[in-house]
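# Overview (structure and organization)
The residues making up each chain are set out below.
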Amino acid sequence: MDFTTVTAGKDDNDRRLDKVIRKFLSSENLSSLYKTMRKGLIKLNDKKCEPGTHVFEGDKISVASFLLYSKNKNEMQNINSLDAPEKSLNIIFSNEHILIINKPYDVTVHGFDNSLDKQVQDYYLKNQNITSISFMPGPLHRLDRKTTGLLAFSWDLQGARWFSENIANHSISKIYHAVLTGHLNKTEEWIDYIQKEDNDKEKKSFHTVKVMSDSENIDLIAKKAVTKVEPVYYGNYNGTDFTYARIYLFTGRTHQIRSQAASHGYVLLGDSAYGSKVKLQEQEYFLHASILKFGSENPLDLPMEIKAPEPKAFVDFLEKHRY
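Residues numbered from 1 in each chain as written. Predicted model: local features only at pLDDT ≥ 70, side-chain atom pairs only at ≥ 80, totals over all residues. Heavy atoms only, no water.

The helix and strand tally for the chain stands at 8 helices and 15 strands. Across the 323 residues of the chain, 48% fall into the buried class. Considering only contacts within the chain whose residues lie at least 6 apart along the sequence, 66% involve residues at least 24 apart. With the model as given, the accessible surface of the chain reaches about 17200 Å², and the carbon-plus-sulfur share is 47%. (Helix = DSSP H or I, 4+ residues; strand = E, 2+ residues; numbered from the N terminus. Buried < 20%, exposed > 50% of the residue type's maximum accessible area, 1.4 Å probe, protein only. Contact = heavy atoms within 4.5 Å. Areas by Shrake-Rupley, 256 points an atom, 1.4 Å probe, with all protein chains shown as cover.)

By the definition in use, this model includes 9 salt bridges. As a salt-bridge pair, Lys-293 and Glu-305 come within 3.7 Å of each other at their nearest N and O atoms. Taken together, the residues span a long stretch of sequence, with Lys-293 in strand S14 (residues 287-293) and Glu-305 in strand S15 (residues 305-307) at a distance of 12 residues. According to the relative accessible area criterion, Lys-293 is partly exposed, its value standing at 34%. In this structure, the salt-bridge partner of Glu-305 is Lys-307, at a minimum N-O distance of 3.5 Å. Judged by its relative accessible area of 34%, Glu-305 falls in the partly exposed class. (Salt bridge = Lys/Arg side-chain N within 4 Å of Asp/Glu carboxyl O.)

Turning our eyes to something else, we now look at the packing of aromatic side chains. By the definition in use, this model includes 11 aromatic pairs. Grouping aromatic residues by their ring pairs yields a cluster made of Tyr-233, Tyr-237, Phe-242, Tyr-244, Phe-286, Phe-314 and Phe-317. Here Lys-228 stacks its cationic end above the ring of Tyr-248, 4.6 Å away from the centre of that ring. The cationic tip of Arg-322 hangs over the ring face of Tyr-233; the distance from NZ or CZ to the ring centre is 3.6 Å. (Phe/Tyr/Trp six-rings, centres within 6.5 Å; stacked < 30°, edge-to-face > 60°. Lys NZ or Arg CZ within 6 Å of the ring centre and 35° of its normal.)

Of all hydrophobic cores here, the largest spans 30 residues; its most connected members are Tyr-176 and Leu-180. When residues of this core are traced back to their parent elements, those giving at least two are strand S7 (98-103), helix H5 (116-126), strand S8 (148-154), strand S9 (173-181), strand S13 (240-249), helix H7 (256-263) and S14. When residues of this core are assigned to their parent elements, the largest contribution, 4 residues, is made by H5. In contact with Leu-180, not counting residues within four places along its chain, are Val-229, Asp-241, Phe-242, Thr-243, Ala-245, Ala-261, Tyr-266, Val-267, Leu-268 and Leu-269. (Core = buried A, V, L, I, M, F, W, Y, C linked by side-chain atoms within 4.5 Å.)

A few words now on empty space enclosed by the protein. Using the criterion set out here, one finds 1 cavity of 30 Å³ or more in the structure. Space inside the largest cavity adds up to approximately 40 Å³. The wall of the largest cavity is formed by His-141, Leu-143, Leu-150, Lys-174, Ile-175, Tyr-176, Ala-289, Ser-290, Ile-291 and Leu-292. For the lining of the largest cavity, the secondary-structure elements that each account for two or more residues are S9 and S14. Broken down by element, the lining of the largest cavity gets its largest block of residues, 4 residues, from S14. A per-class count over the lining of the largest cavity returns 7 nonpolar, 2 polar and 1 charged. (1 Å grid on protein atoms, 1.4 Å probe; cavity = no way out; pocket = protein on both sides within 12 Å on 5 of 7 lines; lining within 4 Å. Points joined across faces, edges and corners; volume = space filled by probe spheres on them. Nonpolar A, V, L, I, M, F, W, Y, C, P; charged D, E, K, R; others polar.)

Position of Leu-143 relative to the elements: it lies in the loop between H5 and S8. Expressed as a C-alpha distance, the spacing of Leu-143 and Leu-287, which sit 144 residues apart in the sequence, is 9.9 Å.

It is worth spelling out H7 at this point. Most of H7 sits inside the fold, with 6 of its 8 residues counted as buried. Along H7, the residues classified as buried are Gln-256, Ile-257, Arg-258, Ser-259, Gln-260 and Ala-261. Its buried side turned inward, H7 meets S9, strand S10 (188-196), strand S11 (209-212), strand S12 (223-237), S13 and S14. Following H7 by one or two positions, Gly-265 adopts a phi angle in the positive range, close to 90 degrees.

On to the sheet that holds strand S5 (residues 60-64). Taking strand neighbours across the sheet as the criterion, the 3 strands line up as S1-S5-S3 in an open arrangement whose pairing is antiparallel. Looking along the sheet, the strands with just one partner apiece sit at the ends: strand S1 (3-7) and strand S3 (42-44). On average, each strand axis in the sheet is tilted by 20 degrees relative to the strand beside it, whichever way the strands run. Pairing geometry for S1 and S5, over 5 bridges, is antiparallel. Bridging from a neighbouring strand, Thr-4 pairs with Val-63 of S5. (Pairing = 2+ DSSP bridges. Axes fitted to C-alpha atoms, helices over the stretch in contact; angles between N-to-C directions.)

Further remarks concern unusual backbone geometry. In this model, Asp-14 sits at a positive phi of 65 degrees, which is unusual for a non-glycine residue. You can call Asp-14 partly exposed: its relative accessible area is 43%. Within the chain, Asn-238 stands out as a residue other than glycine whose phi angle is a positive 50 degrees. Secondary-structure assignment places Asn-238 in the loop between S12 and S13.

This next bit is on the side chain of Asp-156. One can find Asp-156 in the loop between S8 and helix H6 (157-168). Among the residues examined, Asp-156 registers a relative accessible area of 2% and is labelled buried. Only 2.7 Å separates the side chain of Asp-156 from the backbone nitrogen of Gly-159, close enough to count as a polar contact. Discounting chain neighbours no more than four positions away, the residues touching Asp-156 are Lys-10, Asp-11, Glu-96, His-97 and Phe-135. (Polar contact = N/O pair within 3.5 Å; in protein donor to acceptor, adjacent residues only side chain to side chain.)

See below:
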């Protein structure tokens with residue numbers, strides 16, 4: 001019988017064999033997978049083994065080739081039909097641990113066939129230096145569909161763990177630029193509590209959030225949100241004053257900037273979901289993740305600061321309407 005053999009890499013180290021194999025045979029249910037192992041159609045270092053056996057770097061995993069044929073054929077057809085990823089992904093930074101792109105407007109991060117995580121995974125599969133058979137990259141934080149800017153993806157397990165830990169403990173600084181309705185005349189710090197609106201009964205995929213001040217009766221599921229907003233300059237769009245602002249995000253709540261801006265009287269210009277009455281021509285609203293700061297030392301060899309230029313529509317809007 002013909003077998004296809006692969007070598008476990010560093011990101012496969014000390015993982016259960018059945019977890020690793022699911023990356024090859026994702027359409028198989030667990031009972032079928034276990035049956036396949038018992039028949040000896042999947043081997044570890046040329047021997048039959050139990051599903052819970054742990055794999056270590058350098059181990060040889062052999063899979064009966066007929067199990068992989070139809071799946072791999074379909075995957076290769078899908079991958080080969082794509083344009084070169086460098087043309088579709090605006091890559092700002094990459095190394096063996098992290099990939100950072102400049103996310104375009106009106107593209108989802110995950111959940112759809114054309115989402116950014118699918119595009120990044122296709123790029124990863126085309127990479128000839130893949131060192132793991134079970135690891136797949138994924139987004140390490142969130143950006144709304146209509147928010148642009150810096151978005152980081154894991155490129156190995158070390159990168160995924162470090163970035164996730166440091167996002168959670170706020171060691172990574174995130175700075176945005178946004179167009180706010182009104183005239184913000186000084187730097188403000190917004191401290192609020194945020195929770196999702198109760199609209200599950202409507203079965204919507206999009207949820208707004210509710211902002212509450214710390215003086216209110218805070219629900220236990222509400223989460224603290226801390227944001228600093230600094231005015232940069234001002235403009236006017238069809239009779240409505242706006243502030244181009246630099247925004248420092250100290251927590252990472254869903255719709256944090258959009259909801260807090262609206263709650264404090266400076267709704268993003270054009271953001272109808274949070275009450276803006278202005279309709280822009282270029283895009284719905286302007287919110288851009290401009291800068292990520294990592295500090296002077298980190299184990300991933302990331303630079304101290306990474307910047308992403310604002311999209312052309314954003315720049316053109318400001319040039320036309322600022323004063």
